[in-house]
Amino acid sequence: MIQYEIFTVPVLGGVEELERMNRFLRGHKVVQVEKQLVMLGDGACWSFCVNYLLAGLASSSLGGGERKEKVDYKSVLGEEHFKVFTRLRAFRKQIADQDAVPAYAVFTDAELATLSQVEGLTEQAMLQVEGIGKKRVEKYGALLVALSRQEGQADSQAEV
């Protein structure tokens, strides 16, 4: 259920009111903040209307907030696929660092786990993985396919 809180902060010298509002904002799941400058005779203030969710309702009302349980990919994938998964994660970290983005923006662990099980990885096969679209394949696909080929060659040479 959405709740409302109104804050009035004088334009000049409203340090305490501003700090009270900031404490409130840090402690709540804020949906929207509307602000308006209000002229009062010889002064002015800011009026803030804060829409927020009550605790416990944030995840159901906004479609998120709940954390998924961590997956132990080592036990899910098995030894051989987990090795590939580990290499893919290292690759993802390099790309994420290079592009200055979070690792999950490159590929999620679930996506990498699926990719680690694909034999003869191709860009077309990447498009079949849920969550991986054309843009990411265009951006990272060739690099990932090349890495996969290198890893496959290294593995077959190690077996000889």
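Quick note: structure is the one above.
These notes cover the structure that comes with them. (Residues numbered from 1 in each chain as written. Predicted model: local features only at pLDDT ≥ 70, side-chain atom pairs only at ≥ 80, totals over all residues. Heavy atoms only, no water.)

Some details on the overall build of the protein chain
For step 1, the next point in the chain: Check the secondary structure of the protein chain and you find eight helices and three strands.
For step 2, the next point in the chain: Looking at the 160 residues of the protein chain, the share that counts as buried comes to 26%.
For step 3, the next point in the chain: Across the protein chain, the fraction of contacts at a sequence separation of at least 24, relative to all contacts at a separation of at least 6, is 51%.
For step 4, the next point in the chain: Split by element, the accessible area of the protein chain, about 11400 Å² in all, is 53% carbon and sulfur. (Helix = DSSP H or I, 4+ residues; strand = E, 2+ residues; numbered from the N terminus. Buried < 20%, exposed > 50% of the residue type's maximum accessible area, 1.4 Å probe, protein only. Contact = heavy atoms within 4.5 Å. Areas by Shrake-Rupley, 256 points an atom, 1.4 Å probe, with all protein chains shown as cover.)

Considering the pairing of strand 2 (residues 29-40)
For step 1, the next point in the chain: Of the pairings in the sheet, the one linking strand 2 to strand 3 (residues 43-53) comprises eleven bridges and is antiparallel in character. Bridging from a neighbouring strand, Q36 pairs with S47 of strand 3.
For step 2, the next point in the chain: What sits between strand 2 and strand 3 in their antiparallel hairpin is a turn of two residues, with G41 showing a positive phi close to 50°. (Pairing = 2+ DSSP bridges.)

Quick word on the sheet that holds strand 3
For step 1, the next point in the chain: The three strands are arranged 1-3-2 in an open sheet whose pairing can be described as antiparallel. The open sheet has two free edges, formed respectively by strand 1 (2-10) and strand 2, since each of these has just one partner strand. On average, each strand axis in the sheet is inclined to that of its neighbour by 20°, with strand direction left out of account.
For step 2, the next point in the chain: Sheet topology places strand 1 next to strand 3; nine bridges connect them, and they run antiparallel. Within strand 3, the residue paired with I6 across the bridge is C49.
For step 3, the next point in the chain: On the sheet, helix 1 (residues 15-26) packs against strand 1, strand 2 and strand 3 and is oriented at approximately 160° with respect to strand 1. (Axes fitted to C-alpha atoms, helices over the stretch in contact; angles between N-to-C directions.)

Focus: the environment of L25
For step 1, the next point in the chain: Considering the arrangement of structural elements, one finds L25 in helix 1.
For step 2, the next point in the chain: Residue classification places L25 among the partly exposed residues on the basis of a relative accessible area of 25%.
For step 3, the next point in the chain: Separated by 27 residues in sequence, L25 and Y52 have C-alpha atoms that sit 8.8 Å apart.
For step 4, the next point in the chain: Discounting chain neighbours no more than four positions away, the residues touching L25 are V30, V33 and V50.

Side note on the pattern of salt bridges
For step 1, the next point in the chain: Per the counting criterion, the structure on display carries eight salt bridges.
For step 2, the next point in the chain: For R26, the salt bridge goes to E19, with nearest N and O atoms at 3.1 Å.
For step 3, the next point in the chain: R26 sits in the exposed class, given a relative accessible area of 60%.
For step 4, the next point in the chain: The partner of D97 in a salt bridge is K93, with the nearest N and O atoms 3.0 Å apart. Placement of both D97 and K93 in helix 4 (residues 79-99) is noted, with a separation of four residues, approximately one turn of the helix. For the pair formed by D97 and K93, the shared burial category is exposed.
For step 5, the next point in the chain: The network of salt bridges with common partners includes E19, R23 and R26. (Salt bridge = Lys/Arg side-chain N within 4 Å of Asp/Glu carboxyl O.)

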